[in-house]
Amino acid sequence: MTTVSVATEIAAPLEEVFAVFTDFEHNAGRVSHIRKIELLTVRGSGLGARWLETRVVLGREDTAEMAITAYEQNRTYTITHHKAGARIDTVFTFTPIGDLTTARVEFHVQSDGLPPGTMVPVRWAIADKVRAVIARDLADLKAFIEGRSQDAAAIAYAGVAPLTEEDDTEGG
């Protein structure tokens, strides 16, 4: 088995980060390499949710059926899919740290039915590419979440009337 791990800190509360990450239906507008999401279940999130995800991989479009195979609200979830004789489990884990949330992604590739050692050179060769793709996905989601938080703060601030000279003097 090959494992690639990437983490980032996001300046937003855990609940908001988890909600955006698990809003799979809208990932095509948030993650630059995802071109299309087609939900296959009524529920788009949570244990058992399934969808088709079309994304650009190594310069070409690829579609895979994804499924949530483990899910714990505001803590972790696992997306599983099968490709080219391999089972791929992507585990997302979220940890609050003060006003920040650490999002960690572990990408596990396990060959199904291939002789041991067959995939070792391939795994080694793709590990850096997989790490770069995951890092980009995390950066896209981080930018979306933090941008949304900054927009909300700006709107909240805009709702506060600015001080005038009269407000700033004592006894007016």
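Residues numbered from 1 in each chain as written. Predicted model: local features only at pLDDT ≥ 70, side-chain atom pairs only at ≥ 80, totals over all residues. Heavy atoms only, no water.

**Student:** Just checking my understanding: could you explain the overall build of the protein for this structure?
**Tutor:** Counting secondary structure elements, the protein contains three helices and seven strands. Taken across its 172 residues, the protein has 36% of its residues classed as buried. Contacts spanning at least 24 positions in sequence make up 47% of the contacts within the protein whose residues lie at least 6 apart. With an accessible surface of roughly 10,300 Å², the protein has 56% of that area assigned to carbon and sulfur atoms. (Helix = DSSP H or I, 4+ residues; strand = E, 2+ residues; numbered from the N terminus. Buried < 20%, exposed > 50% of the residue type's maximum accessible area, 1.4 Å probe, protein only. Contact = heavy atoms within 4.5 Å. Areas by Shrake-Rupley, 256 points an atom, 1.4 Å probe, with all protein chains shown as cover.)

**Student:** I keep staring at the nonpolar core and nothing clicks. Help me out?
**Tutor:** Soluble globular proteins: nonpolar side chains tend toward being buried together. The biggest cluster of nonpolar side chains holds 34 residues, and the ones touching the most others in it are F21, Y77, I79, F94 and I134. Put simply, the parts of the chain that give this core at least two residues each are β1 (2–10), α1 (14–21), β2 (34–39), β4 (60–72), β5 (76–83), β6 (86–97), β7 (100–111) and α2 (120–158). Beyond its immediate chain neighbours, meaning those up to four positions away, I79 contacts F24, W51, M66, A67, I68, I88, D89, T90 and F92. (Core = buried A, V, L, I, M, F, W, Y, C linked by side-chain atoms within 4.5 Å.)

**Student:** Any chance you could explain the pattern of salt bridges here in plain terms?
**Tutor:** Side chains bearing opposite charge may pair, as long as their charged atoms lie close to each other. Across all of its chains, the model carries nine salt bridges by this definition. Its salt-bridge partner being E72, residue R75 comes within 3.2 Å of it at the nearest N-O pair. Under the relative-accessibility criterion, E72 is labelled partly exposed at 39%. When salt bridges with common partners are traced through the structure, they connect E53, R55 and D137 into a single cluster. (Salt bridge = Lys/Arg side-chain N within 4 Å of Asp/Glu carboxyl O.)

**Student:** For this particular structure, what's the right way to read α1?
**Tutor:** For an α-helix the count is 3.6 residues per turn, leaving residues at separations of three or four pointing the same way. Among the eight residues of α1, six are classified as buried, and the element is accordingly described as predominantly covered. Among the residues of α1, L14, E16, V17, F18, V20 and F21 are the ones counted as buried.

**Student:** What exactly am I supposed to notice about the sheet that holds β2 here?
**Tutor:** Backbone hydrogen bonds hold the strands of a sheet together, and the pairing may be parallel or antiparallel. Here we have seven strands laid out as an open sheet, ordered β1-β7-β6-β5-β4-β3-β2, and antiparallel in their pairing. Sheet topology places β1 and β2 at the edges, where each strand pairs with a single neighbour. Ignoring strand direction, the axes of neighbouring strands in this sheet form an average angle of 25°. Strand contacts of α1: β1, β4, β5, β6 and β7, with the helix running at about 160° to β6, the strand carrying the most contacts. (Pairing = 2+ DSSP bridges. Axes fitted to C-alpha atoms, helices over the stretch in contact; angles between N-to-C directions.)

**Student:** Help me understand the confidence of the model for the protein in this model?
**Tutor:** Taken as a whole, the protein shows an average pLDDT of 83; of its residues, 77% reach a score of 70 or greater. Least confident of the elements in the protein is helix α3 (residues 165–168), whose mean pLDDT is 43; most confident is α1, at 96. Confidence drops under a pLDDT of 50 for residues 160–172, and excluding neighbours within four residues, the segment shows one contact in the predicted structure. (pLDDT = per-residue confidence, 0-100.)

**Student:** What's the story with unusual backbone geometry in this structure? I'm lost.
**Tutor:** With glycine set apart, most residues show a phi of negative sign, and most peptide bonds adopt trans. The phi torsion at N74 lies on the positive side, around 60°, for a residue other than glycine. Of the residues examined, N74 reaches a relative accessible area of 22% and is grouped as partly exposed.

**Student:** Could you clarify how one ought to interpret the environment of S45 in this entry?
**Tutor:** Positionally, S45 belongs in the loop between β2 and β3 (50–57). In this structure, the C-alpha to C-alpha distance between S45 and A19, residues 26 residues apart in sequence, is 9.6 Å. One polar contact links the side chain of S45 to the main-chain carbonyl oxygen of T22, over a distance of 3.3 Å. (Polar contact = N/O pair within 3.5 Å; in protein donor to acceptor, adjacent residues only side chain to side chain.)

**Student:** What is the right way to read the packing of aromatic side chains from this model?
**Tutor:** Within a pair of aromatic rings, the relevant descriptors are the distance that separates the centres and the angle that separates the planes. Scanning the entire structure with this criterion turns up nine aromatic pairs. Ring centres of F24 and W51 lie 4.3 Å apart, and the angle between their planes is 15°; on these two criteria the pair is classed as stacked. Here F24 is found in the loop between α1 and β2, whereas its partner W51 is found in strand β3, with 27 residues between them in sequence. Of the two residues examined, F24 and W51, each falls in the buried class. For the ring pair F24 and Y77, a centre distance of 5.6 Å and an interplane angle of 75° mean the geometry is edge-to-face. Residue F24 is found in the loop between α1 and β2, and its partner Y77 is found in strand β5; the two are separated by 53 residues along the sequence. Pair check on accessibility: F24 and Y77 agree, each one buried. Of the aromatic side chains, those joined through ring pairs into one cluster are F18, F21, F24, W51, Y71, Y77, F92 and F94. (Phe/Tyr/Trp six-rings, centres within 6.5 Å; stacked < 30°, edge-to-face > 60°.)

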